[in-house]
Amino acid sequence: MNPDRTTPELRYPIPFNPVPAPLPVVPAGGAPEVTTILLPDGRTVTGYTVPATQPAPLAAKPPVSRVAVNIALGGIGFAAVCGGLFLLTAFIAALTAFITQLVILAAVVFGGWIAVQVFGHRDHASGTTVNIRKATFKRNHFHS
C-alpha cells in the first residue's frame, strides 16, 4: 500500500478457493453492492457481498388429496367385495354338495324300493298263476 494513502492502489482480489464461484444474482433494482475489507496485514480485499445462505423453508404438508382418499376407499371396497365373493363361492359349493347328496340319497332309497318291488316276494292272492307244465301249445298258440 502507498504510505501517503492519497492515491488508491488498484488491487485485484485473489480467490481463496480455486473452484470458480457462481455468478452473483443481480437484483432487479441494479448492481450488487461492492464491499472493501482491510485485512490486519494491511491488504485490502474488494468484492461483492454474498448474503448468508439460509436453508429453504420446509414445505407445508399438503392436505390429503381426494385422489388418494378415493384410491384408499376403493381398495377397502375391493377387499370387501373379494371377501363377499369368497363367501358366496363357498356357499354355492356347499349348496351344490348338499343337493348332490340329496340326489344320491333319493336314488338309493328309490332304487331300493324298486328292487324290493321287482325282486321281493309277493304274497298277493290276486293275479293268475300259470303252471307251464300243464299248459299246452297248439299250433304255436298258448292254451292254459
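What you see is a predicted model; the values in this text were computed from it and never measured.

**Description of the overall build of the protein chain**
Okay, so step 1: Helix and strand counts for the protein chain come out as 1 helix and 4 strands.
Okay, so step 2: Each helix (α) and strand (β) of the protein chain, taken in turn from the N terminus, gives the series β-β-α-β-β.
Okay, so step 3: Long-range contacts, defined as pairs at least 24 residues apart, comprise 16% of the intrachain contacts of the protein chain with a sequence gap of at least 6.

**What about the packing of aromatic side chains?**
Okay, so step 1: Evaluated as defined, the whole model comprises 1 aromatic pair.
Okay, so step 2: Measuring from ring centre to ring centre gives 5.9 Å for F110 and W113, while their planes differ by 25°; the resulting arrangement is stacked. Taken together, the residues F110 and W113, both in helix α1 (residues 66-119) and 3 residues apart, mark about one turn of the helix.
Okay, so step 3: By relative accessible area, which is 48% here, F110 ends up partly exposed.

**Examining the confidence of the model for the protein chain**
Okay, so step 1: The share of residues in the protein chain with pLDDT of 70 or more is 67%, and the mean pLDDT across the chain is 76.
Okay, so step 2: When mean pLDDT is taken per element in the protein chain, α1 scores highest with 89 and strand β3 (residues 136-138) scores lowest with 61.

Rules behind the numbers
- Residues numbered from 1 in each chain as written.
- Predicted model: local features only at pLDDT ≥ 70, side-chain atom pairs only at ≥ 80, totals over all residues.
- Heavy atoms only, no water.
- Helix = DSSP H or I, 4+ residues; strand = E, 2+ residues; numbered from the N terminus.
- Contact = heavy atoms within 4.5 Å.
- Phe/Tyr/Trp six-rings, centres within 6.5 Å; stacked < 30°, edge-to-face > 60°.
- Buried < 20%, exposed > 50% of the residue type's maximum accessible area, 1.4 Å probe, protein only.
- pLDDT = per-residue confidence, 0-100.

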